[in-house]
Amino acid sequence: MDSFGSDFSAGGSGGKMDTGTIMEQVKVQIAVANAQELLQRMTDKCFKKCIGKPGSTLDNSEQKCIAMCMDRYMDAWNTVSRTYNSRLQRERAHM
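Residues numbered from 1 in each chain as written. Predicted model: local features only at pLDDT ≥ 70, side-chain atom pairs only at ≥ 80, totals over all residues. Heavy atoms only, no water.

Per an unreviewed UniProt entry, the protein goes by Mitochondrial import inner membrane translocase subunit and derives from Parambassis ranga. Under the heading Sequence similarities (unreviewed entry), UniProt records this for the protein: "Belongs to the small Tim family." (UniProt positions renumbered as here; feature names shortened; annotations may be inferred.)

A. Spatial organisation of the nonpolar core. Listed in full, the eight residues of the largest apolar core are Leu38, Met42, Cys46, Cys50, Ile51, Ile66, Cys69 and Tyr73. Secondary-structure elements contributing two or more residues to this core are helix 2 (19-50) and helix 3 (60-93). Here this core gets four residues from one element, more than from any other, and that element is helix 2. Setting aside residues no more than four positions away along its own chain, Leu38 makes contact with Tyr73, Met74 and Trp77. (Core = buried A, V, L, I, M, F, W, Y, C linked by side-chain atoms within 4.5 Å. Buried < 20%, exposed > 50% of the residue type's maximum accessible area, 1.4 Å probe, protein only. Helix = DSSP H or I, 4+ residues; strand = E, 2+ residues; numbered from the N terminus. Contact = heavy atoms within 4.5 Å.)

Put into structure tokens, the structure is as follows:
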């Protein structure tokens, strides 16, 4: 987030950034925040599902469970995301 503050004062137009640049930076920050939230939720759900007794290492069954859980979670998220985006595009086309 430091780069946003330092970039804001830079530039050739008297220290002001154009609206398009600011909007792009905001979009990037939102995308990063969404990715972090997705990763955190996936980690929490898969940990609760797969790890019965936390220890210093994972046994083979826990490793396989975590891998399968994360794959299924990402597949489901991608399916929901594609469906949602298609619905938004259809609705925008009807406006």
